[in-house]
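Read off the chains here:
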Amino acid sequence: VLLSEARLADLPAPGLTPQELIVSAGTNAGKAAAAIAAAMRLGPGSVASVRAMGGVAVHKALIAASIAQQYLNTDGHGVRFVVTVAFEAQPEAEDAERRGVKQLVLRVVRV
């Protein structure tokens, strides 16, 4: 069961450099969750950018975000984060065919 909560949150200033994570269909969701949780433990306003392309990869990225919050809940430090979703062009696309391809990017922000 996935429980979600909706509320307004202050997002950090747009100048912060996010930690870049890439999730593929073969990624272990638990290891991706550990990486997201580690990025959120850095402090208030921490940002991680999780890129995924394809249905299985997107599913694993969402599962990883959910598991990461469970990891952080057991820490006892009260770390919470929000996830926003956007489609972005591939940053390293050099040829014309791949420039039009979009990746789903989950922006994970500590609140």
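For the structure itself, look to the data block above.
As the structure is a prediction and not an experimental result, all values here were calculated from the model.

Draft legend 1. Fine view of the pattern of salt bridges. Counting across every chain of the model gives three salt bridges. In this structure, the salt-bridge partner of Glu 20 is Arg 51, at a minimum N-O distance of 3.6 Å. Residue Glu 20 is found in strand S1 (residues 19-23), and its partner Arg 51 is found in strand S2 (residues 47-52); the two are separated by 31 residues along the sequence. On the accessibility criterion, Glu 20 (48% relative accessible area) is partly exposed. Exposure remark for Arg 51: the relative accessible area of 9% places this residue in the buried category. The network of salt bridges with common partners includes Glu 20, Arg 51 and Glu 88.

Draft legend 2. Highlighting helix H1 (residues 29-40). In this model H1 runs 16 Å from its N-terminal to its C-terminal C-alpha over twelve residues, within 8% of the 16 Å that 1.5 Å per residue would give. Among the residues of H1, those classed as buried are Ala 29, Ala 32, Ala 33, Ile 36, Ala 37, Ala 39 and Met 40. In a view along the axis of H1, the buried residues occupy a sector of 160°, so they form one face of it. Contact partners of the buried residues in H1: S1, S2, helix H2 (55-75), strand S3 (81-89) and strand S4 (102-110). Here H1 starts with a cap whose side-chain oxygen sits 2.8 Å from the backbone nitrogen of Gly 30, and that cap is Asn 28.

Draft legend 3. How the structure looks around the nonpolar core. Ile 36, Met 40, Val 50, Phe 81 and Val 108 are the most contacted members of the largest nonpolar core, which totals 22 residues. Those elements that place two or more of their residues in this core are S1, H1, S2, H2 and S4. For Val 50, the residues in contact, after removing those within four places along its chain, are Leu 21, Val 23, Ile 36, Ala 61, Leu 104, Val 105, Leu 106 and Val 108.

Analysis parameters
- Residues numbered from 1 in each chain as written.
- Predicted model: local features only at pLDDT ≥ 70, side-chain atom pairs only at ≥ 80, totals over all residues.
- Heavy atoms only, no water.
- Salt bridge = Lys/Arg side-chain N within 4 Å of Asp/Glu carboxyl O.
- Helix = DSSP H or I, 4+ residues; strand = E, 2+ residues; numbered from the N terminus.
- Buried < 20%, exposed > 50% of the residue type's maximum accessible area, 1.4 Å probe, protein only.
- Expected span 1.5 Å × (residues − 1).
- Arc of directions from axis to C-beta.
- Contact = heavy atoms within 4.5 Å.
- Polar contact = N/O pair within 3.5 Å; in protein donor to acceptor, adjacent residues only side chain to side chain.
- Core = buried A, V, L, I, M, F, W, Y, C linked by side-chain atoms within 4.5 Å.

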